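Residues per chain, in single letters:
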Amino acid sequence: MIARAPRGDFYLVNDSAPVVLLSAGIGATPVLAMLHALAAAQSRRQIWWLHTTRNAETHAFAAEVSTLIHSLPHAQQHVLYTAGDHAGGVIANGRLDQQTIAALGLPTDASVYLCGPGPFMDAMREALTAAGINVAHIHTELFGTLPPINP
């Protein structure tokens with residue numbers, strides 16, 4: 001088997017910039033792979049895991065992410081439940097929006113990897129740029145279905 005370079009434009013760049021892994025719902029899947037890569041490399045980068053989902057029942061990969069975050073010396077996570085009944089620790093009730101993103105104080109030189117449904121990604125891209133992150137450093141992957149195409 002021959003290993004090849006990543007295809008597409010949604011892959012983790014190997015540099016020293018801080019990393020923000022931002023997802024909604026099952027959109028955590030591709031950024032989780034990035035978190036695994038950072039943990040396997042024992043990355044010293046500043047890493048932010050930001051995730052939103054409806055509640056504890058829809059919180060995919062929660063234990064796995066916590067284990068990976070705890071294995072990295074400069075990593076932190078923030079999870080918001082939109083209809084949840086849990087608050088405390090890394091989990092809060094609410095929504096990821098422009099105000100929430102601004103309050104986090106994300107590093108403006110971060111590379112952001114954003115995955116989720118279209119409207120969520122549009123809102124997050126706007127919030128991230130308002131927080132001072134260069135739009136060229138925001139990498140996106142649509143996770144969901146596209147509308148049907150009628151011939």
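Note that the coordinates shown come from a computational prediction; the quantities given were computed from them, not determined experimentally.

What the protein chain contains, in helices and strands, is four helices and six strands. Traced from its N-terminal end to its C-terminal end, the protein chain shows the element sequence β-α-β-α-β-β-α-β-α-β. Relative to its full complement of 151 residues, the protein chain shows a buried share of 38%. Of all intrachain contacts in the protein chain linking residues separated by at least 6 positions in sequence, the fraction that spans at least 24 positions is 71%. For the protein chain, the exposed area adds up to about 8,500 Å²; of that, 55% sits on carbon and sulfur atoms.

Most of strand β3 (residues 75-81) is tucked away, with five of its seven residues classed as buried. With seven bridges joining them, strand β2 (residues 47-53) and β3 adopt parallel strand pairing. By the bridge assignment, W49 is partnered in β3 with Q77. The parallel pair β2 and β3, bridged by helix α2 (residues 62-71), forms a crossover whose chirality is right-handed. As paired elements, β3 and strand β4 (residues 91-93) share three bridges and run parallel to each other. Within β4, the position partnered with L80 by the bridge is A92.

What follows is about the side chain of T53. Relative to the helices and strands, T53 is located in strand β2. Accessibility expressed as a relative area gives 6% for T53, which makes it buried. In this structure the side chain of T53 is engaged in a polar contact, spanning 2.7 Å, whose partner is the side chain of T58. Each residue touching T53, except ones within four places of it in the same chain, is listed here: G25, T58, H59, L80, Y81 and T82.

Another aspect to go through is the packing of helix α1 (residues 28-40) against α2. For any two helices packed against each other, one specifies the crossing angle of their axes together with the interaxial distance. Where α1 meets α2, the axes come as close as 9 Å, and the angle between the chain directions of the two elements is 30 degrees. Between α1 and α2 the crossing geometry is left-handed. In contact with L32, L35, H36 and A39 of α1, α2 contributes E64, V65, L68, I69 and S71. Grouping the constituent residues of the contact of α1 with α2 by class yields six nonpolar, two polar and one charged.

Cut-offs and rules
- Residues numbered from 1 in each chain as written.
- Predicted model: local features only at pLDDT ≥ 70, side-chain atom pairs only at ≥ 80, totals over all residues.
- Heavy atoms only, no water.
- Helix = DSSP H or I, 4+ residues; strand = E, 2+ residues; numbered from the N terminus.
- Buried < 20%, exposed > 50% of the residue type's maximum accessible area, 1.4 Å probe, protein only.
- Contact = heavy atoms within 4.5 Å.
- Areas by Shrake-Rupley, 256 points an atom, 1.4 Å probe, with all protein chains shown as cover.
- Pairing = 2+ DSSP bridges.
- Right-handed = clockwise from strand over helix to strand, strands pointing away.
- Polar contact = N/O pair within 3.5 Å; in protein donor to acceptor, adjacent residues only side chain to side chain.
- Axes fitted to C-alpha atoms, helices over the stretch in contact; angles between N-to-C directions.
- Left-handed = near helix turned anticlockwise from the far one by under 90°.
- Nonpolar A, V, L, I, M, F, W, Y, C, P; charged D, E, K, R; others polar.

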